[in-house]
Amino acid sequence: MKPEAESATLALRRAKRQALGLLLLVTAVFIATSVVERGLWLNAVKAMAEAAMVGALADWFAVVALFRRPLGLPIPHTAVVARNQARIGRNLATFVRDKFLDVPSLVSLIRRHDPAERLAQWLTAPGNAALLGHQAKRLALAALEAVQDAQMERFIHKAARSLIGQVDMSRALATVLDTLTHNGRHQALLDDVLGKLIELLQNEQTRAWVAQTLVAWLKKDHPRTAKLLPSDWLGDKGSSLLARALESLMADVAANPQHTLRAQFDVAVQRFVERLRRDPEWARKGDEIRTWLQTDATVGGYVQALWLDMRGALQRDLDDADSVLARQVGKLGVWLGESLASDVALRQSFNARLERWVEGLAPDVAAFIAQHIEDTVRRWDAEEMTRLIELNIGKDLQYIRINGTVVGGLIGLLLFGVSHVGAMGRALWGV
């Protein structure tokens, strides 16, 4: 038994003994005053003891009836806790859901405590970045340990193959390209490509390579002409002319958003996307690629070797006291804390998004937690649940028994005094 439970058990026993001792005391007084020669004052004491005894017995019955059947008798409406276990669980779950996990309460909690500000303070406090990195390292170690299990590895491999098998390669590629070209995004990519090509053509090494290629082509395909003409000079001049022509064309395309080649590029991309979506030949090729990814031993071996290398590198890093992962997570935490601390708008946006997440997720989470509470209470052993509840609140209930004894005695004395007011007055003042 835990020290807290043992202490609570001893306190409950002590309180029960006190309540029982007071009941036995007033019972003894009642018996004693019933067998001796009585007068006015003894009758008053007897009435007080009698009422106190009745109050003590009534409260004893009420307290015991909460947890079990008094004296083991099948009295209705007793053993209240055990008989209402399911209802207690249901009402407790409803109370937690409606009073603690409801959306207005959670949103109010966010607005009172400013989570973004508190997060910024915690992340920028000395030592917390290292703590964050250490916890991230522990989580990574736990995850790595889980996936190193042979059965888990087989499951992941099987799940990956199943996932690949559900992907329509051609349609998936079409969706990706459609997303990339939405609102002319591909034109920005084209601009970058044109810029890189212009830089490449302006490079002396590129021009030398073009010149060498022209000379090699001339000597191979037109050897007689190459002997009659200065091929090296033609190569240099040809490469320069070709480079300038291509540079001029690409510069025109880059500078003119309405250039004809841009429109042709748009048409070509859209045509390709449509073919990916509708052309049976492309669908067949996509199925072939999917089957190849699922079944090819070389691909499987390559992916397995790549995973083992990555896992080994991660394991070595996590085993290192100066883990790179831990340091990077710590740096990320400091950066995030400093960003939140210095940017009021960012904190407001963070809290606003948190409120929206709560509004969207809280009902489902609250329902899940409430159902968990209800199911857990229902599964508890009724006797064990009764014992735990009595252990936690039984001490206070024993003091209710003591109070009932005292209050009952005072009421008995008061009623005796009211009914014998004349006799008591004469006894006190000789009237």
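(A) Inspection of the overall build of the protein at higher detail. Within the protein one finds 20 helices and 0 strands. With 431 residues in all, the protein has 26% of them scored as buried. Accessible surface, the protein: about 28,900 Å² in total, of which carbon and sulfur atoms supply 63%.

(B) The pattern of salt bridges, seen in detail. Using the criterion set out here, one finds 12 salt bridges in the structure. Close ionic contact of E390 with K16 constitutes a salt bridge, the shortest N to O distance being 3.2 Å. Placement of the pair is E390 in helix α19 (residues 382-419) and K16 in helix α1 (residues 3-35), with a sequence separation of 374 residues. E390 gets classed as buried once you look at its relative accessible area, which sits at 7%. Note that R327 is salt-bridged to D322, the shortest N-O span being 2.9 Å. By relative accessible area, which is 34% here, R327 ends up partly exposed.

(C) Fine view of the packing of helix α5 (residues 103-113) against helix α18 (residues 344-379). Running from N to C, α5 and α18 point in directions that differ by 160°, and their axes come no closer than 9 Å. When the axes of α5 and α18 are compared, the pair comes out roughly antiparallel. Two packed elements cross with a definite hand, and for α5 against α18 that hand is right-handed. Residues V103, L106, V107, I110 and R111 of α5 form the contact with α18, whose own contacting residues are N351, L354, E355, V358, E359, A362 and P363. Across the contact of α5 with α18, the residue classes break down as 8 nonpolar, 1 polar and 3 charged.

(D) Just unusual backbone geometry, in detail. A positive phi is found at L71, a non-glycine position, where the angle reads about 60°. Topologically, L71 is positioned in the loop between α2 (40-67) and α3 (80-83). A residue is classified by how much of its surface remains accessible, and L71, at 72% relative accessible area, is exposed. One non-glycine residue, D114, adopts positive backbone phi at about 50°.

(E) Structural view of the nonpolar core. Core analysis: the biggest nonpolar cluster contains 10 residues, these being V63, F67, V81, A93, V96, A370, I373, V377, M385 and L397. Mapped by element, the contributors of at least two residues to this core are α2, α4 (85-99), α18 and α19. In terms of residue count, α18 provides more of this core than any other element does, 3 residues in total. Not counting residues within four places of it along the chain, the set of residues in contact with M385 comprises V81, Q85, V377 and W380. Core analysis: the next-biggest nonpolar cluster, separate from the first, contains 7 residues, L23, V26, F30 and A52 among them.

(F) Structural context of helix α16 (residues 297-319). Spanning 23 residues, α16 covers 32 Å between terminal C-alpha atoms, matching the ideal 33 Å at 1.5 Å per step. Listed in full, the buried residues belonging to α16 are V299, R311, D317 and L318.

(G) Representation of the packing of aromatic side chains within the structure. Throughout the structure, instances matching the rule amount to 1 aromatic pair. Summarising the aromatic geometry, the rings of F95 and F100 are spaced 5.6 Å apart at their centres and angled 75° between planes, so their arrangement reads as edge-to-face.

(H) Fine view of the packing of helix α6 (residues 115-124) against helix α17 (residues 324-342). At a minimum axis separation of 8 Å, α6 and α17 run at an interaxial angle of 135°. Taken together, the axis directions place α6 and α17 in an arrangement best described as oblique. The way α6 lies across α17 gives a crossing that is left-handed. Along its contact with α6, which presents A116, L119, A120, L123 and T124, the element α17 presents G333, V334, L336, G337, E338, L340 and A341. Looking at side-chain class alone, the contact of α6 with α17 contains 8 nonpolar, 3 polar and 1 charged residues.

(I) Here's a closer look at a nonpolar patch on the surface. Where nonpolar side chains cluster on the molecular surface, the patch consists of Y302, V303, L306, W307, L308 and M310 and spans about 590 Å² of accessible area. Turning to its location among the elements, W307 is positioned in helix α16.

(J) Structural detail: a positive patch on the surface. Residues R13, R14, R17 and K395 make up a contiguous surface patch of positive charge. At 3 residues, α1 tops the list of elements feeding residues into the positive patch. Mapped onto the elements, R17 comes out in helix α1.

(K) Quick look at the environment of E359. By the element assignment, E359 lies in helix α18. Residue E359 is classed as partly exposed on the basis of its relative accessible area, which comes to 42%. Separated by 253 residues in sequence, E359 and L106 have C-alpha atoms that sit 8.6 Å apart. Ignoring anything within four residues of it in the chain, the contact list for E359 reads V103 and V107.

Procedures and definitions
- Residues numbered from 1 in each chain as written.
- Predicted model: local features only at pLDDT ≥ 70, side-chain atom pairs only at ≥ 80, totals over all residues.
- Heavy atoms only, no water.
- Helix = DSSP H or I, 4+ residues; strand = E, 2+ residues; numbered from the N terminus.
- Buried < 20%, exposed > 50% of the residue type's maximum accessible area, 1.4 Å probe, protein only.
- Areas by Shrake-Rupley, 256 points an atom, 1.4 Å probe, with all protein chains shown as cover.
- Salt bridge = Lys/Arg side-chain N within 4 Å of Asp/Glu carboxyl O.
- Axes fitted to C-alpha atoms, helices over the stretch in contact; angles between N-to-C directions.
- Parallel < 35°, antiparallel > 145°, perpendicular 65-115°, else oblique.
- Left-handed = near helix turned anticlockwise from the far one by under 90°.
- Contact = heavy atoms within 4.5 Å.
- Nonpolar A, V, L, I, M, F, W, Y, C, P; charged D, E, K, R; others polar.
- Core = buried A, V, L, I, M, F, W, Y, C linked by side-chain atoms within 4.5 Å.
- Expected span 1.5 Å × (residues − 1).
- Phe/Tyr/Trp six-rings, centres within 6.5 Å; stacked < 30°, edge-to-face > 60°.
- Patch = residues over 30% accessible without salt bridge, like charges linked within 9 Å, V, L, I, M, F, W, Y side chains within 5 Å.
- Lys, Arg positive; Asp, Glu negative; His and termini not counted.
- Charge placed at Lys NZ, Arg CZ, Asp CG, Glu CD.

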